[in-house]
Amino acid sequence: MQPKENNDNRPPKPDNRAKNTNRGPQKGGNGGGNRGVSRGAAVRAQKRSQMDAQRIANQFQDASAFKPTRERANQIDDTPRLKIIGLGGMDGAGSKNMILVEYGDDAVVLDCGNDLGVDLPGINYGIADTTYLESIKHKLRAYIITHGHLDHIGGLPHIVPKLPAPIYGSKFTIGRVEEIFENFGLPMPEGFELKTVAMNEDTHERLKVGPFFVEFVRITHSIPGSTCIVLDTPVGRIINSGDFRFDPNPLDHERSDIERLRELGNEGVLALLSESTSTERPGRTPSESEIEKSFVDIIDNAPGRIFVGLFSTNMNRVQMIINAAIHHNRKIAMDGRSMVSTLEMAVRHGFMKVPKGTFVPIASVAGMKDQDLVVVCTGSQGEPSSALQRMASGEHRHIKLKEQDTVVLSSSPIPESGNDKRVGEMVDGLMQKGVHVFEHRYHDIDNVGPLHVSGHASRDEYAEMINLTQPKFFIPIYGPYRSKARHIDLAIEACGMPRANTLNVGNGQIISLTPDTMQVTGEVPHGTILVDQTGATVNNVVVKDRLIMAEEGLVSIVLTVDKRNGNLMTSPDIISRGFIYMRDNEELMNGLRAELRRASQQRFKRVELDRFKAELKDHVTHYLFEKTQRSPIVIPVVNVIGGGAKADIKTSSGGRSKSAEEMADEQQKRFQKLRAKLLTQDARID
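Quick summary incoming for the structure in this document.

So, how was this worked out
- Residues numbered from 1 in each chain as written.
- Predicted model: local features only at pLDDT ≥ 70, side-chain atom pairs only at ≥ 80, totals over all residues.
- Heavy atoms only, no water.
- Helix = DSSP H or I, 4+ residues; strand = E, 2+ residues; numbered from the N terminus.
- Buried < 20%, exposed > 50% of the residue type's maximum accessible area, 1.4 Å probe, protein only.
- Pairing = 2+ DSSP bridges.
- Arc of directions from axis to C-beta.
- Contact = heavy atoms within 4.5 Å.
- Lys, Arg positive; Asp, Glu negative; His and termini not counted.
- Salt bridge = Lys/Arg side-chain N within 4 Å of Asp/Glu carboxyl O.
- Polar contact = N/O pair within 3.5 Å; in protein donor to acceptor, adjacent residues only side chain to side chain.
- Axes fitted to C-alpha atoms, helices over the stretch in contact; angles between N-to-C directions.
- Phe/Tyr/Trp six-rings, centres within 6.5 Å; stacked < 30°, edge-to-face > 60°.

What follows covers unusual backbone geometry. Where the residue is not glycine, phi is negative for most of them; where a peptide bond is considered, it is trans in most cases. In this structure, Lys-96 is a non-glycine residue whose phi angle is positive, near 45 degrees. Position of Lys-96 among the secondary structure elements: in the loop between β1 (82–88) and β2 (98–103). Residue classification places Lys-96 among the buried residues on the basis of a relative accessible area of 5%.

Here's what the structure looks like:
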């Protein structure tokens, strides 16, 4: 999301900060008045704005702010230890999932995802900061991936080219990994070669990676090829559950390999790292097969076209809709680049069964009969650029919705993502067009069956995973602190796990394991690297400035000063963006110009140029806060011209000399061109 420009016709926003009851009346809240606000109040207000912006930006701080804690001498221990370090995924909703397992001179990374829930101006997503990983890059042996969702693989194109190692995963997961590398917007470093290893989770294949042995165990989730990672280490066996549920009747008939998990538990598991997304949900998660009838019933009763919005990677759900459409002799059009790409990969690798002639191009939809069509598309989370959102806003290139259309949202808003509001606004747009909308969360009101099941376990299944694997130590992962705390309580109450054998840690904390002990022994640099729409990284300082500009706006002043006497040679240029509309605040602008002339005459000749600009910035900040109670970013630009009124400056062509007045006129024209270039549209300047 780009920062909004607030340079509109609205008056300056009211603010209760640092108000002075002795201030005189002000025209429009902007001009006139007495100097009733102290300079300190203006500075404090500006600092508050900066602190508020910094507080928001610090939620996604990189590792540069990390300050290591000093370890006491008596903590030194030469016993061989296995280190488990969550570089991401140990907080929030469990995004940018990335766990490092380190032993001696060897290390592997379990998952390497991104965080799509970052809501900052101009930011697309976040990835884990790899400062610590870069310091041990000589140890790195592999990236081992549980499944193909972006919160588990989205960081790979950013991190693997810098810190190369082979990527291990199931056949479908490796297909997804290769897909995101192919579609990545930025060029790869010269000489980089993607190395992948597809392993068979059904045959319990085990491969040696350094001192470790890797095995994948099939598990059900909302994407094919989902697995648990079994990592045998010199200290003992650890299991990373990945995202999972125990679906007894999955649509692809690929049930969780419960027998293998039980075998591993009987053989001995040192530590279980189990995802904690839904530990507050009681019971068991319903089977995917339970919602198939709902789609058949809706298609039976829908009078016209049917549009189904769902997650682009949920191929089991897509297969279900394909089956229902074929049953009703309907063709399917698919819209959404990520969904089409994933479907092509799934069909190519044999994960989907699609009869010939089932799909039609999205461009041909307008010419088809309503009762012959089902459209499967992205946008179930209200994503701004998704296919369904463009349909709701009337901006879709090929589809114009009409009253007898039916839209099915086969998902629920992702927790802690802020998607509820976006989904609600999209549904408003759909209903305003007379479209009938079915949402899973309101299916009881609409008298239809369930339209979505979670890809994550519920409490009984989380307990079952612990009981199957019988770990000595338990470490909840991939979830917010409260969900992990409830997971620990479940392990203690339902599974008999001693509390001393559990840990709820944050990102960066080092868990050290021996065959008999588990403890936190320190912390490594960690944080979030922010990525924009192009795939380039964005500094935290830039984000802070964007937040201040989005909230308070920006004012730039350009002064052309005569070097000899400090007088202004032209009227001050004032550029406002997101602060006020200058044409509606002439008194304020005239007062500011007068202040700038006075400041230049009094201070320019007395201090160095850098000091003059700093004083100018402080003076303008104080003046604007006094008049508006707002603290925009102030950028002073001082252009110093040598010579006084009688000075002549030769032209480069060797012709007649120019007077200072002619030079000033040229200077003014140059600034006019600069303004036009900077502002492109309505410059909002005098």
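After that view, the rundown keeps rolling.
A large share of strand β11 (residues 227–232) lies buried, amounting to 6 of its 6 residues. The pairing of strand β10 (residues 212–218) with β11 spans 6 bridges and is antiparallel. Across the sheet, Phe-216 pairs through a bridge with Ile-229, a residue of β11. Pairing between β11 and strand β12 (residues 237–240): 4 bridges, direction antiparallel. When the bridges of β12 are listed, Asp-232 appears paired with Arg-237. Adjacent in sequence and paired antiparallel, β11 and β12 are bridged by 4 residues.

In this section: helix α6 (residues 258–267). Burial in α6 covers these residues: Arg-260, Leu-261, Leu-264 and Gly-265. Axial view of α6: buried residues confined to an arc of 140 degrees, hence all on one face. Exposed residues lying more than 90 degrees from the buried face of α6 are Asn-266 and Glu-267. Packing partners of the buried residues in α6 comprise β10, β11, β12, β13 (269–275) and α12 (459–469). Just downstream of α6 lies Gly-268, where phi reads positive at about 120 degrees.

The residue Asp-335 is located in strand β15 (residues 331–335) in this model. Among buried charged residues, Asp-335 stands out as having no salt bridge; its nearest opposite-charge side chain is Arg-390, 4.4 Å away. A polar atom in the side chain of Asp-335 sits 2.4 Å from the side chain of His-396. When residues no more than four places from it in sequence are discounted, the contact partners of Asp-335 are Ile-362, Val-376, Cys-377, Thr-378, Ala-387, Arg-390, Met-391 and His-396.

Within the open sheet, the 5 strands sit side by side as β15-β16-β14-β17-β18. Their pairing is parallel. Two strands close off the open sheet at either side, each with one partner strand: β15 and β18 (436–439). Between one strand axis and the next, the sheet turns by 20 degrees as a mean value, whatever way the strands run. Note: strand β14 (residues 306–309) against strand β16 (residues 373–377), 4 bridges, orientation parallel. Directly across from Val-308, in β16, lies its bridge partner Val-376. Strands in contact with helix α9 (residues 337–348) are β15 and β16; relative to β15, the strand with the most contacts, it is inclined by about 120 degrees.

Attention shifts here to the side chain of Asp-532. Within the secondary structure layout, Asp-532 lies in the loop between β22 (528–531) and β23 (537–538). Although Asp-532 is buried, it makes no salt bridge; Arg-546 carries the closest opposite charge, 5.6 Å away. At 2.7 Å, the side chain of Asp-532 forms a polar contact with the side chain of Thr-534. Once residues within four sequence positions are removed from consideration, Asp-532 is found in contact with Gly-122, Ile-123, Asn-124 and Val-538.

Here we take up the packing of aromatic side chains. Inspection of every chain in the model, using the stated rule, returns 5 aromatic pairs. For the pair Phe-172 and Phe-351, a centre-to-centre distance of 5.0 Å together with 85 degrees between the ring planes defines the contact as edge-to-face. Taken together, the residues span a long stretch of sequence, with Phe-172 in helix α5 (residues 171–182) and Phe-351 in the loop between α9 and β16 at a distance of 179 residues. The class of Phe-172 is buried, set by a relative accessible area of 1%. A relative accessible area of 32% places Phe-351 in the partly exposed class.

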